[in-house]
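Listed here are the chains, written in short residue letters.
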Amino acid sequence: MEKEVTKEVQSLVETELRKGASNSRIANLLGMPYEEAVKLIEEIKESFRPDVGDEITFSFRGEKMSGTIEKLLTNSAVVQVNWDESSKKMFDLVEEKTIVNFKDIEEFI
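Quick notes on the rules
Every chain is numbered on its own, with residues counted from 1 as its sequence reads. Selection of residues for local features in this predicted model requires a pLDDT of at least 70, selection of side-chain atom pairs for listing and counting requires 80 or more, and totals for whole chains, interfaces and linings are taken over all residues. Hydrogens and water molecules were not included; the side-chain quantities draw on all heavy atoms of the structure. Going along the chain from the N terminus, every DSSP run of H or I of four or more residues is numbered as a helix, and every run of E of two or more is numbered as a strand. Exposed residues in this analysis have more than 50% of their type's maximum accessible area, buried residues have under 20%, and partly exposed residues fall in between, with area computed by a 1.4 Å probe over protein chains only. Contacts are residue-level and defined by heavy atoms, with any inter-residue pair within 4.5 Å sufficient. Here, Shrake-Rupley sampling with a 1.4 Å probe gives the accessible areas, and only protein chains in the shown set may cover a residue. His is not counted, nor are the chain ends; Lys and Arg add positive charge and Asp and Glu add negative charge. Taken as the charge location is NZ of Lys, CZ of Arg, CG of Asp or CD of Glu. Put simply, two rings from Phe, Tyr or Trp (the six-membered ring, in Trp's case) pair if the centres are within 6.5 Å, and we call them stacked under 30 degrees between planes, edge-to-face over 60, tilted for the rest.

Visitor: Sorry, what's going on with the overall build of the protein chain here?
Guide: Counting its secondary structure elements, the protein chain contains 3 helices and 5 strands. Listing every helix and strand of the protein chain by position from the N terminus yields α-α-α-β-β-β-β-β. Along the first, second and third principal axes, the C-alpha set of the protein chain runs to 50 × 25 × 20 Å. Here the protein chain holds 109 residues, and 36% of them are scored as buried. Contacts in the protein chain between residues at least 24 apart in sequence constitute 44% of all its contacts with a sequence separation of at least 6. Surface summary for the protein chain: the accessible area is close to 7,200 Å², and the carbon and sulfur share equals 47%. The distance from the centre of the 15 positive side-chain charges to the centre of the 23 negative ones in the protein chain is 5 Å.

Visitor: Help me out: how do you make sense of the packing of aromatic side chains in this one?
Guide: In this description, an aromatic ring pair is defined by two values, namely the gap between the centres and the angle between the planes. Here the structure, examined in full by the defined rule, presents 1 aromatic pair. Ring geometry for Trp 83 versus Phe 91: centroids 5.1 Å apart, planes at 70°, classification edge-to-face.

Read these as layout, nothing more, since geometry by itself doesn't imply function.
Shown next, in the form of structure tokens:
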């Protein structure tokens with residue numbers, strides 16, 4: 001599988017992973033044999049997993065939020081909220097640090 005991963009393929013796989021789609025569904029969407037798709041998915045998963053210190057944007061109850069990852073958990077991260085770049089509507093609802101599921105991460109800044 002020495003193929004170059006296109007931005008479209010990477011975006012599709014990342015979107016489906018965030019939704020919690022199975023490997024077989026992603027393979028079907030890509031039109032690839034299952035074994036080949038699993039290798040591609042694992043490769044993309046590794047490049048897509050956030051690291052401590054990454055600045056991210058995420059959504060919470062439909063509002064845009066921003067913050068810095070302080071600790072990684074299995075499928076989520078502890079994020080220090082950046083209130084200068086986050087929705088002020090959430091100020092009374094969200095603590096300074098919050099847990100964000102990887103699937104809710106919209107963008108790496």
